[in-house]
Structures are given as structure tokens and as C-alpha cells.
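Chain and residue survey
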Amino acid sequence: MTSSSSSSCPYLDTINRTLLDFDFEPSCSITLESSPHIYGCLVCGKFFRGKGKQTPAYTHSVEEGHCVYVHLTKGTFWCLPDGYEIDKTEPSLQDIRLALHPTFTKHQIQTLDTQKELVRDLFGRRYLPGYVGLNNLNKTDYLNCVVQALGHVRPLRDFFLLAPNDDNVTAIGNGAAASNDAAATGSTNGKRKMTTPSSLSTATIPYEEFSPIAKCFSLLLRNMWSPHRFKSNVDPHMLVQAVSVASNKRYHVGQQAEAGEFLSWLLHQLHVGVGGSVVRPSKKKKKKKNRKGGGSIVHETFMGNVEMTTVVTRRKRRGDQAALVMLNEGGRDAVTMHDNNNNNSEVAAFDEDDDDRAGSDDEDTMERKRQKREILKSLADETIIDEEETVTETQFLQLTLDIPEKPLFKDDDGGLVIPQEPLVNVLRKFDGVSFSDVLAMHQQTTESKEDGTIVSKKRRYKLKTLPNYLILHLSRFKRNGFFVEKNPTIVMFPVKNFDLSSYVFPEGGRKEVPTEDQVRAMSTKELKKLLVDYGRGDVANNAIEKNELLQHCLDFVSTSLPDLLADKYDLVANITHDIPAEVGREGTKHNPLEEGSYRCHVQHKATGQWYEMQDLEVTETMPQLIGVSESYLLIFERKGAVLRNT
């Protein structure tokens, strides 16, 4: 045959779908090299480079008689060694195409959280898309749990599911905010501009320019939510390798890590990988081609604002020289404080005519000198306290909470008492009143070797704005110079209606919900502005008549707006860390981080059922057990939060 396209291939019946696994990195099994032109044999499932003569794929087709191949990057099908492309519309190959590169439409994404039907893989196993197990590649359970949790944050999930669709990236990249400008200006000029409701400007870059981590994360989420899998679990090989390379093997196979630190690192990598900018004041900004600076879907989803008040207290000894100068200037009232009976102001200063020779002083002069020496010593030994207060406002992607330490003594039965603490008590760190995070005092060398300055710092945090998706990191692990300790304190929290209004102090005070009469009295422009301000610009733009727009505003004010202004949250995902029973006992030397394992809890929105996922195991669980587990990472969703326009 020639290299022209053929509508049918006589070797399609040789395809063995049970041996196909596209979760691995596309690299040649012979030369071990990775290139854009790697082909997968659909008969044995192995990967080979090239399709021309003298290439491993061509040699394999001749020696083994395996003739049907798929281009792992482009998704085209080829027949070797004949060298012709199989027609893209071949019906028998559509399932392989969907398994290789799962794609989603906007309509499919809108129905992801409402699907209840289970699907089957090639082996007859039933699974629920989005609630599948991830293979543990030797201590990569921390990565699996973080991916499972982020895979159920709807704006982030929807963005990466639609990312490969070039016509959908711009639309989902902003969601409702893309139509906010259209509603405000009254025109879209035929295009949807990428902006956000906040001051951030969400960047848009083509999917081909995403970083390797962002591409692998998108592919992994699409495999997790795909109903066309050949097997009911997913192997995160490509993401693990991309993470290892980007972190310089800080997060590598065989090395356990803290899920909280990894989540922070991964969110930053995803932010930069999809076109977000990084501000480095100390370095000059380097211009990158085809890169637009600004925010990203990560910042738009998880970023909040917190006001941090830092009080720096400096304590130091006054010193002999400073005390002498103070006495000579005569401006010290402490002389009278030390000698209340002496009303002679001349004591405050040294007399240059004093005769210091032995036997030359009378009793009054000796007494005056003794008083001056005592006053000088007292002034020199005094501690000068200087406090400096600075207020800065910064942004955060997750809040780190310090939990109470476990008790030092054992109970009556000889076992350790594991304390329980409500989450509202742990959140006192951000009540805007309590000072916390007291840094250790340290000695600073000054110009005088005799005097040292002791500096102590304490901070107070006040939340200004909270994101639609709030990440709470319970700091359980502490490292010292010898080993790692874990705090087993159980932090109890509600799964639904978690009220954080008492911890938020917005600028200008909290807004009030307008009444029905106030909404009816608004003009068309004011009605649109009301919807745009709260991320409902898509609804304002689609409304044609004022009566329709008014009805949308009334429904929004009566249902969603009260929850938005009340700062109430529902749990989306919970990551826990468990350790074996013998770890942590006296006389045993174990690393709780290395010996332990992670689990993740997520909820199925359509049925309300909670699932516990630990690597390949996916089981049902009760919400009562989630609130009393050793939670490590919590992701909450604001009630009434506006979904991105998918």
C-alpha cells in the first residue's frame, strides 16, 4: 500500500484492549528516549519511537507482526509497516481515542456533579467517575491525596478539564467574570475578555504553552473524571515524574513528604504554569515571549487577604556611657527618684572642680560622690524597652493553624490522653485580637560589646477577605535537630455550615442584603451592577428585558446572597494522616512522617455520600467519622459560591 489515507484496515481485529495502558510516560521501550513521536502498539501495549524505516516501531511491526499503532501525542492511528494512516472516523477506534486523550464539553462538565450512574471498565468492574483510586508509586500517597482533594474543587477542576479545548480555555479561564465586563459595558465585541471580579487579571495562554506540571495535572484530572477508562484506577506516573523534575527531587518516588507543604508548592507551580505572574521585588523582571502576567485560576479560587500586625520589642541595657551623658546633661529626673531627700539639683551633674586625690574630700563631698556613683550604676543597669509596630496586608492561599500540644503526663491506665479541640478555638489566631506566633528571643550584637539588644517579635492576624475555597493547614509535624514529632490532637469541625463571620473584618464593614423593595426600586444599570459585583455577570448579560433581570436579582438576593455575605462554608475535602499504633511509644525510634500514610475524604454532590480514598481503595464512610479524624488539610467551599461559567 501507499502512504495515502485508508478508510479501513484489515488488522483492526488484532487490537488487544486489555493490554493498553496510556497512564505511563510516552517513552520508547527500546531506546528509553522521550520525543514527540512515540507510538503505542495496540496489540501488545508497548511504546516505540518513530514509524519510518530503521525505527524501533517499524522493526517491531516487522518482527512481531503487530501492525496497528497510535501516535501518543496527536492521537492518530497508523498501520505499519505499510505506513498509511487509518481514517479518524473509524468507529471501532473511538473508545481508544477517548481513553488516550479524554475530552470534555461544557455540557458534560455541568452534569459531572449530578451523575449517579456507575460505569464499567474492560474487566467489568464498576466505578464512579471522579471517585477512582490512584496507584501508590512507593510513598506517593501524599501526592495522591492532594490531587484527589484538588480534583473536587469545582472551578479548578472545570478549568483543567476544559484546558485542552482551545476554544474553551478563554471562556472557562474567567467563568462568570468573563461576562461581567460584557454586562457592564453592554458589548462583547465578538470576544470574551479574560478578567476577574477582583483586582487580579487572569492570564490566558494556550494549552501548548502550559508548564509540564500543568499539562500532567490536567491529563490526570481528565483521566480521573473520564467514563471511558479501560481500567477503574489511574496511575499518576507522568505527574509524579514532572513533580520530581520541577522540585529538583525534593518530592520524589520513595520519599515521604508533608502534604501541606506539597500542596502549597503545587498551587504555586500550577499558578505559574498556566500563565500567572510571580512578583520578585529584588530581581528585575525578565520578559518572556507569549507570556501574560497577572493572576490565574489558582489565585482566583484560593486567594484571600489577611492583615498582619507585627510588634517588635527591643530590650537593652542603657550602658555606662549613656548614663554618664544623661547625668551631665542634667535632664534626668531619676536623680530625685533615687534621692528624694536631696533637694540640691547640683547632684544631677558632675563637678569638674571635684578633687579626686585621697584625703582631699570632706564628708559632704564623699557622700555626694557616693550618691553619684550609685545613680550612675542604677541608670546604666536600667533596661530600655522600645516597641515598634508595623501593619502589613498580604495575600494567602492557605491558612496554617497551630494546634495545642498533647499532654505531657499519662492517664491512670498508663496511656497517653489524646486531647480534642474545636476548630473555632484553633482559629483564635486570626481573631484580630490575640497575639500569636511569638518568635524566639535572640541576642543581637551592637557597637558596644558590653550591651546587647534582645529582640522579640509577636504577630496578630486579622482576616480581611476570604476566598470562595478556603484551605486550612493544621500544623501537626515539628522537626528538631534529632527527629520528627507529630501532634495527635484531634481537631473537631463541622462538615456543613461552618460560620467564619466572627473572624472576618472586611474594609468598610460587612455589607447588608438589600430588601425586596430596594431591589425593585433599582434601575437596569443598578440591577446589572448588583449581579456583576457578586460574580453573576453571565446572568446579567443573558437577560433581555428588565422584568427578567429583576426576577434574576430577586432570586439571587433571596437565595445565594445571604450565604455569600454570612461567610458560611461546607467541607469539600479532608486529608488525614494516620500512623501505626507502635509509632510514638516510649523506647521506639520511628519517624511518624515516614511510617504514616494519608487518606482523603470527598463528598459526592448528587447523593451526599462521603467516600474515603486511600491509594487504590475507595470506600464509603460516614460524615460523623470525618469530623473526629486526625485531619491535616481541610478545604471548605463557601455556601452560595458562584460556579465558574462552564
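Coordinates for the structure precede this section.
This structure is a prediction, so every number in the text was calculated from the model and none was measured. Residues take numbers from 1 onward in each chain, read along the sequence in its written order. Local features are withheld for residues below a pLDDT of 70 in this predicted model, meaning they are given only at 70 or higher, and side-chain atom pairs are given and counted only at 80 or more; totals for whole chains, interfaces and linings count all residues. Note that water and hydrogens are dropped before the side-chain values are worked out from all heavy atoms of the structure.

Comments concerning the pairing of strand β22 (residues 597–603)
The cut-offs for exposure are 20% and 50% of the maximum accessible area for each residue type, with area from a 1.4 Å probe on protein chains only; residues under the lower value are buried, those over the upper are exposed, and the others partly exposed. Secondary structure is summarised from DSSP: a helix means a run of H or I of at least four residues, a strand means a run of E of at least two, and numbering begins at the N terminus for each. Burial of β22 is extensive: six of the seven residues sit out of reach of the surface. Following DSSP output, two strands are said to pair if at least two bridges run between them. Of the strand pairs in this sheet, strand β21 (residues 568–578) and β22 are connected by six bridges, and their pairing is antiparallel. Paired with T576 across the bridge in β22 is R599. Judged from the four bridges that link them, β22 and strand β23 (residues 610–614) form a sheet pairing that is antiparallel.

Description of the side chain of H601
Structurally, the position occupied by H601 is in strand β22. Looking at H601, its side chain comes within polar contact range of the side chain of E612, at 3.1 Å. Apart from residues lying up to four places away in sequence, H601 is in contact with V572, A573, N574, T576, W610, Y611, E612, T621 and I626. Polar contact is defined as a pair of N or O atoms within 3.5 Å, subject to the rule that within protein one atom must be able to donate a hydrogen and the other to accept it, and that residues adjacent in sequence are counted only when both atoms are side-chain atoms. Should any heavy atoms of two residues lie within 4.5 Å, those residues are considered in contact.

Remarks on the packing of helix α4 (residues 141–150) against helix α8 (residues 212–224)
To get an axis, fit a line to the C-alpha atoms, keeping to the stretch in contact for a helix; angles then go from 0 to 180 degrees between the N-to-C directions. At a minimum axis distance of 11 Å, the contact between α4 and α8 shows a crossing angle of 70 degrees. The angle between α4 and α8 places the two elements in the roughly perpendicular class. Contacts between α4 and α8 involve V147, Q148 and L150 on the former and, on the latter, F217, L220, L221 and M224. Under this grouping Gly is polar, as are all residues other than the nonpolar Ala, Val, Leu, Ile, Met, Phe, Trp, Tyr, Cys and Pro and the charged Asp, Glu, Lys and Arg. In terms of residue class, the contact of α4 with α8 is made up of six nonpolar, one polar and no charged. Any angle from 65 to 115 degrees is called roughly perpendicular, while one under 35 is roughly parallel, one over 145 is roughly antiparallel, and all others are oblique.

Digging into the pattern of salt bridges
We count a salt bridge whenever a side-chain nitrogen from Lys or Arg sits within 4 Å of a carboxyl oxygen from Asp or Glu. In this structure the tally under the stated criterion is 22 salt bridges. Between E637 and R154 there is a salt bridge whose closest N-O contact spans 2.2 Å. On the criterion of sequence distance, the pair formed by E637 in strand β25 (residues 631–638) and R154 in helix α5 (residues 154–162) is long-range, its members being 483 residues apart. Residue E637 is classed as buried on the basis of its relative accessible area, which comes to 7%. Judged by relative accessible area, which is 16%, R154 ranks as buried.

Side note on the environment of Q255
Among the structural elements, Q255 can be located in the loop between α9 (237–246) and α10 (259–273). Between the C-alpha atoms of Q255 and K139, which are 116 residues apart in sequence, the distance is 6.1 Å. Apart from residues no more than four positions distant in its own chain, Q255 is found in contact with K139, Y142, K249 and R250.

As for the pairing of strand β1 (residues 38–41)
Residues I38 and G40 of β1 are buried on one face, and the alternating residues Y39 and C41, pointing to the opposite face, are buried as well. Two strands pair when backbone bridges link them, and β1 and strand β2 (residues 47–49) are joined in this way by three bridges, in the antiparallel orientation. Paired with G40 across the strands is F47, a residue of β2. Linking β1 to β2, which pair antiparallel, is a turn of five residues; within it G45 sits at a positive phi near 85 degrees. Where β1 and strand β3 (residues 68–71) come together, three bridges link them in antiparallel fashion. Across the sheet, the residue bridging to Y39 is H71, located in β3.

A short note on the sheet that holds strand β5 (residues 84–85)
Strands pair in a sheet through their backbones, by hydrogen bonds, and they do so in one of two ways: parallel or antiparallel. A sheet is described by the order of its strands in space; here five strands give the open sequence β2-β1-β3-β4-β5, paired in antiparallel fashion. Each edge of the open sheet carries a strand with a single partner, namely β2 and β5. Of the strand pairs in this sheet, strand β4 (residues 77–79) and β5 are connected by two bridges, and their pairing is antiparallel. For C79, the partnering residue across the bridge sits in β5 and is Y84. Its contacts with the sheet put helix α1 (residues 56–64) on β1, β2 and β3, and the angle it makes with β2 is roughly 120 degrees.

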